[in-house]
Structure formats: structure tokens, C-alpha cells
2 protein chains.
Amino acid sequence: MSKKVGVLLSGCGVFDGTEIHESVLTLLFLDRAGAEALCMAPDVDQFHVINHLTHQETNEKRNVLVESARIARGNIRDVAKVKAAELDALILPGGFGAAKNLSDFALKGPDAVVQADVERLIREMVAAGKPVGAICIAPATLVRAIADKKPEVTIGNDTGTAAGIERMGGRHKICTVDRIHVDKTNRIVSTPAYMLGPGIKDVAVGIEKLVNEILSMI
Amino acid sequence: MSKKVGVLLSGCGVFDGTEIHESVLTLLFLDRAGAEALCMAPDVDQFHVINHLTHQETNEKRNVLVESARIARGNIRDVAKVKAAELDALILPGGFGAAKNLSDFALKGPDAVVQADVERLIREMVAAGKPVGAICIAPATLVRAIADKKPEVTIGNDTGTAAGIERMGGRHKICTVDRIHVDKTNRIVSTPAYMLGPGIKDVAVGIEKLVNEILSMI
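A brief look at the structure comes next. Since the model is a prediction, treat every value here as computed from it, not as a measurement.

**What about the overall build of chain A?**
Inference 1: Each helix and strand counted, chain A has eight helices and nine strands in total.
Inference 2: Over its C-alpha trace chain A gives a radius of gyration of 15 Å, about what one expects of a compact globule, namely 17 Å for 218 residues.
Inference 3: Dimensions of chain A, computed from C-alpha atoms along their principal axes, come out at roughly 45 × 40 × 35 Å.
Inference 4: When the 218 residues of chain A are sorted by exposure, 63% land in the buried category.
Inference 5: Intrachain contacts of chain A at a sequence separation of at least 6 include 69% that bridge at least 24 residues.
Inference 6: Taken as a whole, chain A presents about 7,900 Å² of accessible surface, with 49% of it coming from carbon and sulfur.

Shown next as C-alpha cells:
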């Protein structure tokens, strides 16, 4: 039976949702390794909608689950209906959606609140000793959800974000885009991806290592 | 100087825009091969907007260039402003957008009309002997744009679509998802991708071959 890995999406587009390249690369490397991906997202409105051409906020309303379904080709579930017992591991790709829709870390920093269903699933996974991966800015939301566990993560080398992570109770480690950081105690793997870039082939290196490390920990 | 390859997008999402996996894989393999991708899309309204969770049409309006910018992380140009002289090659990923927004083949079959800027750029490329790649359903739009050249393409093995291609003046060749078809006369490369699937690792095989073949023809 293949390993079943949740991929927690947060919309569709780097500025207001999931980073599309990071999520597709996660799905590619899971499939190549013979694992089954279960895409999921919270059924809530996006914090806002950004026109990705002009970088301006629009007055549209979009739903996180509905937009995430674009990346998942329609094969996606409401995270509220997913239990940790169904999964062998969980991966959170990045993009601003991970810090605007899964939590509000992009707006409130260390005072962020994690979306309730997202927090519940992350805490169930960590409590069950199941590995969790977080890419790009997603480690900030992950740290907020399990701050009491003092998780150790990387978001690259951005000092402001790293300081926010430390203030929430996490520990931050500097890391390059082609590497991963592993918190062996909490079974958490993170990689900087587009927090550093510069391009898709570069972020693919770290994401492939993250996926393979997560699968090896199952 | 690196090879410069246009990637012609048609929105963001398989049912009403560009197939996201196919476009990201195209960008990945171009970057890995050291080529520069220039993303572009027409500045027109999408034919319609599909809720990718429910598969129902919504009453929203979205712009093809604006939504394509999500895949391009904001780094994209209006195809109307792009000349073939700037490019070494052009690739059209698939998704219904390639047959709803770049042309209306999905609606009108062989009577399809190609969007004017898209048709102009494709015809400039082929006239200049520059290679053009087309993935999934995109070969149908490509054939309509250069039907007078009797292009030879594959969309996999769907008999209805293949018949439509033949009625427009193209020639269709059956092909598996892990292979490409090359029209040496017109310098066109095509691969079935999600016309066949079944999964992302499978379509990645054909898309990587298509990208590498296109680059070798420059």
C-alpha cells in the first residue's frame, strides 16, 4: 500500500494563495516516489485577492478550497473533514496564502492565529509522531500551531521572519535553497524554496529533498 | 546567451485556463536546461470561469493575462506585444484554456477561430522556421492557426479530437503519454500529457522530452 501524504493548500497563486510551483513540485516528487497525495484546503474566504499582473488588491472574493482545487485538478478535500489517522505525513507548500489564509502571520507576525481546522490537523499529526513538511513561509504557520513543542525550522535567512518565529517559541536555523532542515524531535522538515529562490530549478532541489526525507521518516 | 522560449499561457486551471501542472513542468524543464522562459498570455476575458471544486460554471469574469500571471509569479507579458523576433522557440501548454481562450476549438471544433494575437505569433514563429511545442489539447489550436501548412501533431488517441484536427487540415498521429511526435517539416513537437494522464509523473516524461527536443531544434 502506498504512503498517503496530505498536501495542505491555501489558494492558487503566490501573492494571495499557495505558491503554484512549490505545490506542483511537491505533487511531482510525491508521485515519482510512489506516494499518494491527498490535497486539502480550508473552506474559508481568502484574506484578499491580489491581481498577480499589477500586484494590486482587487475587490473580489475567492474561497481558499475552491481556488486550491485548480492546483489539485478538482481532486481535493475540505481539511475540516480530514483526520490525521488517514495520513502518513503532511506537507504545507508556501506562498503568501500559507501566512494569510492558513494563519494570519503575514499580517500579525508572532500574534498570528492559525485557522482552526489547520491547527487541529497539524497538532494531531505531531501528537501522533507523523512527519510534517513545511516549505517557504509555511514554517511560520506551523510554528504558531505547535509553539509549545519548540519546533526548529528554516525559512532561509530573512532576519525579520526568523525573529518572528523565535518570538512565537520556535527556533530558527539558517539554510540554503538546495537544503532542508530536520527537527528530529518533532519530526518536522523545512526548506526555504522561494523565500530564497531564485528560480524553479533551484527550489526544486530543496523540495525534492524535503519530500524524500518526509517519506523516509514514515 | 541562453535560449529564450515563449510559454503561451491561457489562464490558471485545467477546466477554464492553462493546465497548471503542464505549465509548471514546462518552466521546470526549461530552467533545468538553462533556457530562459518568457511567459505570455492574451489580454482578453476568459471564455468562462469554472469552479474547480464543483465543476460548475460561475458568473465571475476573469482575464486570461491576469490569471496566467499567477503561474508566472507576475513575470508575464501581453502576447500582443511579443514578436517572434524576440524568441528562439514557443511552447503552448494545455488545459481547456488552450481550446477555450487561445481559440474556441473546445466549443466549435473544426470551425474554431484562433485569438488574433495568438494566431499572429504562431504564424510568425512557423514562418521563421522557429520550433513550436504544443502540449495536451493545445495542438488543436496550433493546427487551426497554421492549417495551410498541414501540420502533423498528436493529442494522444482521442478519436473525436483527432478527427477535428484532420478536418481542419492537420494530420493526427497516435502517441503515448511518455513520448512526443515531431513534425520535422513544420518544426512542431507535441505530446499528449493530460489528454492521457494518468498522473503528474507520467505527463512529466513527455513534457521533458518535448522541452529538450524543442531546445535541440534551436
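Still more ground to cover, so stick around.
**Describing the pairing of strand E5 (residues 132-135) of chain A**
All names here are of chain A.
Inference 1: Of the two faces of E5, the one carrying Val132 and Ala134 and the one carrying Gly133 and Ile135 are both buried.
Inference 2: In this structure, strand E4 (residues 89-92) lies alongside E5, joined through three bridges in parallel fashion. Residue pairing across strands places Leu92 opposite Ala134, the latter belonging to E5.

**A short note on the environment of B:Lys149**
Residues and elements named next belong to chain B.
Inference 1: Take Lys149: it is sitting in the loop between helix H6 (138-145) and strand E6 (152-153).
Inference 2: What makes Lys149 partly exposed here is its relative accessible area of 35%.
Inference 3: Excluding its chain neighbours within four sequence positions, the residues that come into contact with Lys149 are Val126 and Asn186.

**Quick notes on the interface of chain A and chain B**
How large an interface is tends to be reported as the accessible area lost when its parts come together.
Inference 1: Opposite the 38 residues of chain A that make contact, chain B presents 38 residues.
Inference 2: On the chain A side of the interface with chain B, the three residues burying the most area are A:Leu53, A:Arg70 and A:Arg73, jointly 24% of the side's total.
Inference 3: Viewed at the interface, chain B and chain A are joined by eight salt bridges.
Inference 4: As a salt-bridge pair, B:Asp31 and A:Lys201 come within 3.8 Å of each other at their nearest N and O atoms.
Inference 5: For the pair chain A and chain B, the interface holds 16 residue pairs in polar contact (both at pLDDT 80 or more).
Inference 6: Contributions of two or more residues to the side of chain A that touches chain B are made by helix H1 (20-32), helix H2 (64-71) and helix H8 (200-217) of chain A.
Inference 7: Take the side of chain A that touches chain B: its biggest share by element is nine residues, from H1(A).
Inference 8: Its residues placed into classes, the side of chain A that touches chain B shows 20 nonpolar, seven polar and eleven charged.

**What about H1(A)?**
A turn of α-helix holds 3.6 residues, and therefore any two residues three or four places apart point the same way.
Residue and element names in this part refer to chain A.
Inference 1: With 13 residues, H1 ought to run about 18 Å at 1.5 Å a step, and its terminal C-alpha atoms sit 18 Å apart, in line with that.
Inference 2: Within H1, twelve of the 13 residues are buried, which leaves it mostly tucked inside the rest of the structure.
Inference 3: Buried within H1 we find Ile20, His21, Glu22, Ser23, Val24, Leu25, Thr26, Leu27, Leu28, Phe29, Leu30 and Asp31.
Inference 4: Within two residues after H1, Gly34 carries a phi angle of roughly 85°, on the positive side.

**Some thoughts on the state of the cysteines**
Inference 1: Using the criterion set out here, one finds zero disulfides over all chains in the structure.
Inference 2: No disulfide involves B:Cys39; its nearest neighbouring cysteine sulfur is the one of B:Cys12, lying 11 Å away.

The rules behind each value
Residues numbered from 1 in each chain as written. Chains lettered and ligands numbered in written order. Predicted model: local features only at pLDDT ≥ 70, side-chain atom pairs only at ≥ 80, totals over all residues. Heavy atoms only, no water. Helix = DSSP H or I, 4+ residues; strand = E, 2+ residues; numbered from the N terminus. Rg over C-alpha atoms; globule rule 2.2 N^0.38 Å. Buried < 20%, exposed > 50% of the residue type's maximum accessible area, 1.4 Å probe, protein only. Contact = heavy atoms within 4.5 Å. Areas by Shrake-Rupley, 256 points an atom, 1.4 Å probe, with all protein chains shown as cover. Pairing = 2+ DSSP bridges. Buried area = accessible area lost by both parts, 1.4 Å probe. Salt bridge = Lys/Arg side-chain N within 4 Å of Asp/Glu carboxyl O. Polar contact = N/O pair within 3.5 Å; in protein donor to acceptor, adjacent residues only side chain to side chain. Nonpolar A, V, L, I, M, F, W, Y, C, P; charged D, E, K, R; others polar. Expected span 1.5 Å × (residues − 1). Disulfide = S-S within 2.5 Å.

Don't take any of this as a statement about function, it's just geometry.
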